[in-house]
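Each chain, written out:
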Amino acid sequence: MTGRQVHPIEQESYRRLRARADTSHLPPLTRAVAERVVHSSADLDYLDDLVIADEAVLRAAADALAAGAPLVADVEMVAAGITARRALCRVRDAKGDPETGLTRSAAAIRMALDEVGHGAVWVIGCAPTALEELLLLDARPALVIGLPVGFVGAAESKAALRASGLPAVSNISEKGGSAVAAAAANALLYPDLYSHPDRYSQESL
C-alpha cells in the first residue's frame, strides 16, 4: 500500500541488492517479486532460480487481489508474513489421514478451496504436499505462488506446478520457505509497485 513508512535499513538493503545485481531490465511486477524474494532471503541466487509467470499474469493476479480475490496460505507462518491483508489458512483446523496418506497441510488446502472456490491466489511456502494437493483439485487459481521448501518433494512439486500450466511463481531448487512465499505475495499487494517500479525501494515498500 502506498504510504507505508519504510525504515532506512530496508532502504539501504534494497540499495545494496541493486548494487550487486541489475534487475532494471525486468518488467515492474516481475522485478518486484524477484527483488522482494531476494530481500527476504539475502540470497541473490534466487534471481536465477525463480520461475515467474509473465508480467500480464502477475498484473491480472494483482488486479484480482485489489478487487477482493481470496488469498490462501498453506501455513500460518506464510499468512503472518503477508502484511497488506489477511490470508485464509486452515491448517489449524485440518486433520490428516495416515491411512490414505493425506497430510494435515493437504487437508487444509481442501478445506480452504471449499471456502474460497475458484479465482483465488494461493501462497504455498512450507509443505510440498499442500502444493501437490492443490494440483489435484479443480482450483482454477488466479495465481499459485508455489515455493515450498525441503529435501523431500519440494523440487518435484514445483516442477509439477510448472508442468501443470497454471499461472505460477515457483523456483527450481529445493529451497523456498514461508518468508520468500510471503514476500512474493506482498509484491502483488502494493499496487504502486507496477506504476513506479524505481520508487519502491525508497517509498512504497
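Residues numbered from 1 in each chain as written. Predicted model: local features only at pLDDT ≥ 70, side-chain atom pairs only at ≥ 80, totals over all residues. Heavy atoms only, no water.

(A) Structural detail: the nonpolar core. One finds Leu 58, Leu 71, Ile 82, Val 123, Leu 143, Ile 145 and Leu 188 to be the most contacted residues of the largest nonpolar core, which totals 44 residues. Where this core is concerned, the elements lending two or more residues are helix H2 (28-41), helix H4 (55-66), strand S2 (71-73), helix H5 (76-81), helix H6 (104-116), strand S3 (121-124), strand S4 (143-146) and helix H9 (178-188). Contact partners of Val 123, with chain neighbours within four places excluded, come to Leu 71, Val 72, Ala 73, Asp 74, Val 78, Ile 82, Ile 145, Ala 181, Ala 182 and Ala 185. If you look at the next biggest cluster of nonpolar residues, it comprises 17 residues, including Val 72, Ala 120, Ala 130 and Ala 139. (Core = buried A, V, L, I, M, F, W, Y, C linked by side-chain atoms within 4.5 Å. Buried < 20%, exposed > 50% of the residue type's maximum accessible area, 1.4 Å probe, protein only. Helix = DSSP H or I, 4+ residues; strand = E, 2+ residues; numbered from the N terminus. Contact = heavy atoms within 4.5 Å.)

(B) Examining the side chain of Asn 171 more closely. Structurally, Asn 171 can be placed in strand S5 (residues 168-171). Within polar-contact distance, the side chain of Asn 171 engages the side chain of Asp 49 at 2.7 Å. When near neighbours in sequence (up to four residues on either side) are disregarded, Asn 171 contacts Tyr 46, Asp 49, Leu 50, Val 51, Gly 146, Leu 147, Lys 158 and Arg 162. (Polar contact = N/O pair within 3.5 Å; in protein donor to acceptor, adjacent residues only side chain to side chain.)

(C) Local environment of the confidence of the model for the protein chain. The predicted model of the protein chain averages 91 in pLDDT, with 90% of residues at 70 or higher. Across residues 200-205 the pLDDT falls below 50, and counting only partners more than four positions away or on other chains, this stretch makes 26 contacts in the model. (pLDDT = per-residue confidence, 0-100.)

(D) Structural view of H2. Taking 1.5 Å of rise per residue, 14 residues should cover 20 Å, and H2 covers 20 Å from first to last C-alpha, within 8% of that figure. Extensive coverage of H2 is indicated by the burial of 10 of its 14 residues. For H2, every residue scored as buried is listed here: Leu 29, Thr 30, Arg 31, Ala 32, Val 33, Ala 34, Glu 35, Arg 36, Val 37 and Val 38. In this structure, the buried side of H2 is in contact with helix H1 (8-20), helix H3 (46-49), strand S1 (50-52), H4, S5 and H9. Ala 42 occupies a position one or two residues after H2 and carries a positive phi of about 55°. (Expected span 1.5 Å × (residues − 1).)

(E) Representation of the pairing of S3 within the structure. Here S3 shows two buried faces, one formed by Val 121 and Val 123 and the other by Trp 122 and Ile 124. One ladder, built from 3 bridges, connects S2 with S3; its direction is parallel. Its bridge partner being in S3, Leu 71 is matched across the sheet by Val 121. With 4 bridges connecting them, S3 and S4 associate as parallel partners. Counted as the bridge partner of Val 121 is Leu 143 from S4. (Pairing = 2+ DSSP bridges.)

(F) The arrangement of the side chain of Thr 23 in detail. Within the fold, Thr 23 resides in the loop between H1 and H2. Engagement of the side chain of Thr 23 in a polar contact is seen with the side chain of Arg 31, the distance being 3.2 Å. Look past the residues within four positions of Thr 23 in its chain and what remains in contact with it is Arg 18, Arg 31, Glu 35 and Leu 47.

(G) Summary view of the pairing of S5. Side chains of S5 alternate between two faces, with Ala 168 and Ser 170 and Val 169 and Asn 171 buried alike. As defined by bridge partners, S1 adjoins S5 across 3 bridges and the pair is classed as antiparallel. In the sheet register, Leu 50 faces S5, and the bridge partner there is Asn 171. Pairing between S4 and S5: 2 bridges, direction parallel. By the bridge assignment for S5, Val 144 is matched with Ala 168. With helix H8 (residues 154-164) bridging S4 and its parallel neighbour S5, the resulting β-α-β unit is right-handed. (Right-handed = clockwise from strand over helix to strand, strands pointing away.)

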